[in-house]
Amino acid sequence: PPFSDAVPTAEALRAALAAQASPSLPVVDDDPTGTQTVHGVAVRADWADLSGELRSDKSCFYLLANTRALDEAAAVARNREIGRELRRGGPRLVVSRSDSTLRGHFPAEVDALADGLGWRRPLVLVAPQFFGGGRVTADGVHYVLGAPVDGDRPATPAGETEFARDRAFGYR
């Protein structure tokens, strides 16, 4: 990966994206709900041959890995496989998109994706925000925003919501 020894600046990230072998940024999504939030973007549910997408002049494309529906071992295997397929096209940046309430197989999936890509020490940027869905993080607490009341949106810590009680991915 392009940044293994230092924290990159925004300029360095832009330069790496511009310099990558493929002009299109791959986004590996762990669940179909993520792909439903974008439009005008190619979405693939298989990763057998990504050469067309990687050479596309589109800014990005989504790979629907659907790993949140799998146990961790299967999710890791799938991400490693996707990483190997992506490696053929030489992207220097890959986005691994997951749940806006922080459910899922993190960091196992990201580690497996990096392993498949052949990246020994990847930079992993965790950005727990989804403004459109009312998910924000402030002062180290991840919040789910409710419906507006008198112009304000009540903020509930994600650990106190129904998402925290999810049977597969519950948390505190």
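Provided above is the structure to which this section pertains.
The rules behind the values
Residues numbered from 1 in each chain as written. Predicted model: local features only at pLDDT ≥ 70, side-chain atom pairs only at ≥ 80, totals over all residues. Heavy atoms only, no water. Pairing = 2+ DSSP bridges. Helix = DSSP H or I, 4+ residues; strand = E, 2+ residues; numbered from the N terminus. Axes fitted to C-alpha atoms, helices over the stretch in contact; angles between N-to-C directions. Contact = heavy atoms within 4.5 Å. Buried < 20%, exposed > 50% of the residue type's maximum accessible area, 1.4 Å probe, protein only.

Some words on the sheet that holds strand 4 (residues 95-97)
Part 1 of the reasoning: Strand order in the open sheet formed by 4 strands is 2-3-1-4, with parallel pairing between adjacent strands. Both edges of this open sheet fall to strand 2 (42-44) and strand 4, since each of them pairs with a single strand only. The mean inter-strand angle of the sheet, taken between neighbouring strand axes irrespective of direction, is 25°.
Part 2 of the reasoning: Looking at chain direction, strand 1 (residues 25-29) and strand 3 (residues 60-64) are connected through 5 bridges and run parallel. Paired with Val 27 across the strands is Tyr 62, a residue of strand 3.
Part 3 of the reasoning: Sitting on the sheet, helix 4 (residues 72-87) is in contact with strand 1 and strand 3, with an inclination near 170° to strand 1.

Considering the pairing of strand 1
Part 1 of the reasoning: Burial of strand 1 is extensive: 5 of the 5 residues sit out of reach of the surface.
Part 2 of the reasoning: Both faces of strand 1 are covered, namely the face carrying Leu 25, Val 27 and Asp 29 and the face carrying Pro 26 and Val 28.

Some remarks on the sheet that holds strand 5 (residues 135-138)
Part 1 of the reasoning: Strand order in this open sheet of 3 strands is 5-6-7, and the pairing throughout is antiparallel. Single-partner strands in this sheet number two, and they are strand 5 and strand 7 (155-157). Across this sheet, the average inter-strand angle for adjacent strands is 40°, counted without regard to direction.
Part 2 of the reasoning: Here 4 bridges tie strand 5 to strand 6 (residues 141-145), and the two strands are oriented antiparallel to one another. If you follow Thr 137 over to strand 6, its bridge partner there is His 142.

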